[in-house]
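Next come the chains, spelled out residue by residue.
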Amino acid sequence: PSLEVLSVYNETTYYPLKIDLAEGGLPCLRQLLLKQFDVDHFNLEAFFKAAPALETLTFESIKILDNPTIGPSKPIKTLKHLKLFTSTLTNENLKKLLDQMPALETLELNNCEQITAFHLSPLPKLKNIVIENMLFDSENLLKVFQASPNVTSFTLKKVDHLVQNLLSYQHY
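This is a predicted model, so every value here is computed, not measured.

Conventions used here
Residues numbered from 1 in each chain as written. Predicted model: local features only at pLDDT ≥ 70, side-chain atom pairs only at ≥ 80, totals over all residues. Heavy atoms only, no water. Helix = DSSP H or I, 4+ residues; strand = E, 2+ residues; numbered from the N terminus. Buried < 20%, exposed > 50% of the residue type's maximum accessible area, 1.4 Å probe, protein only. Contact = heavy atoms within 4.5 Å. Areas by Shrake-Rupley, 256 points an atom, 1.4 Å probe, with all protein chains shown as cover. Salt bridge = Lys/Arg side-chain N within 4 Å of Asp/Glu carboxyl O. 1 Å grid on protein atoms, 1.4 Å probe; cavity = no way out; pocket = protein on both sides within 12 Å on 5 of 7 lines; lining within 4 Å. Points joined across faces, edges and corners; volume = space filled by probe spheres on them. Nonpolar A, V, L, I, M, F, W, Y, C, P; charged D, E, K, R; others polar. Core = buried A, V, L, I, M, F, W, Y, C linked by side-chain atoms within 4.5 Å.

Asks: Help me get a handle on the overall build of the chain, residues and values and all.
Replies: Helix and strand counts for the chain stand at 4 helices and 8 strands. Reading the secondary structure of the chain in the N-to-C direction produces β-β-β-α-β-β-α-β-β-α-β-α. Counting all 172 residues of the chain, 43% fall into the buried class. Within the chain, counting contacts between residues at least 6 apart in sequence, those at least 24 apart form 69% of the total. As presented, the chain carries roughly 9100 Å² of accessible surface, and 51% of it is formed by carbon and sulfur atoms.

As structure tokens, then:
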């Protein structure tokens, strides 16, 4: 199949995402959006195996089922854009995901309440970061910059407390 963009919406209530995809079954898929689903490790792994050319992954209103190791079991070398909106992803889940995305160029986090800190491995290709409606302090934000020395665009939205902390930070 030549499908390049797949958006899967569930508008009424959270619903367990049940998929049965053959490995390599979506060879042309470049963009995947999942909205309002319960997701576990096996669901994600199936998508990653089915879509070897995946470049953009967007989670919107996703509940991550209790699994601290959610994420791909091997690196996803094609994924360049990760967008998480109102997700229950934890700090540990985010680290696991990012550790397997060496080509990541854009990271967007919006209203992911359980992400309060960044413990990142180096992300040398990360160029764009957007953070909106998040609660973590300037010290954790500095860790993002240390792990991502090539960031050229950084956007903070609706994080007044963080901006105040950053403006008062003095580097000696």
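Further notes follow.
Asks: I'd like a rundown of the environment of glutamine 114, residues and numbers included.
Replies: Mapped onto the fold, glutamine 114 is located in the loop between β6 (106–110) and β7 (128–132). Taking C-alpha positions, glutamine 114 is 9.7 Å from threonine 86, a pair spaced 28 residues apart along the chain. Residue contacts for glutamine 114: discarding those within four places in its chain leaves Thr88, Leu89, Thr90 and Asn91.

Asks: Describe the pattern of salt bridges, naming the residues involved and giving the relevant values.
Replies: Applying the stated criterion to the full structure yields 2 salt bridges. Of the charged contacts, one joins aspartate 99 and lysine 95 as a salt bridge, the two residues approaching to 2.8 Å between their closest N and O atoms. With aspartate 99 and lysine 95 both in helix α2 (residues 91–99) and 4 residues apart, the pair spans about one turn of that helix. Given the relative accessible area of 33%, aspartate 99 is considered partly exposed. For lysine 95, a relative accessible area of 31% translates into the label partly exposed.

Asks: Provide a residue-level description of the layout of surface pockets, including the pertinent values.
Replies: A volume near 220 Å³ is recorded for the largest pocket. Lining the largest pocket are 15 residues, and of these Phe48, Pro52, Lys74, Pro75 and Ile76 lie nearest its centre. Tallied by class, residues from the lining of the largest pocket come to 7 nonpolar, 3 polar and 5 charged.

Asks: Explain the nonpolar core residue by residue, including any values.
Replies: Counting 38 residues, the largest nonpolar core has Leu82 and Leu84 as its most contacted members. Secondary structure elements with two or more residues in this core: β3 (31–39), α1 (41–50), β4 (56–64), β5 (81–85), α2, β6, β7 and α3 (138–147). Every residue in contact with leucine 82, bar those within four places of it in the chain, is listed here: Leu57, Leu98, Met101, Leu104, Thr106, Leu107 and Glu108.

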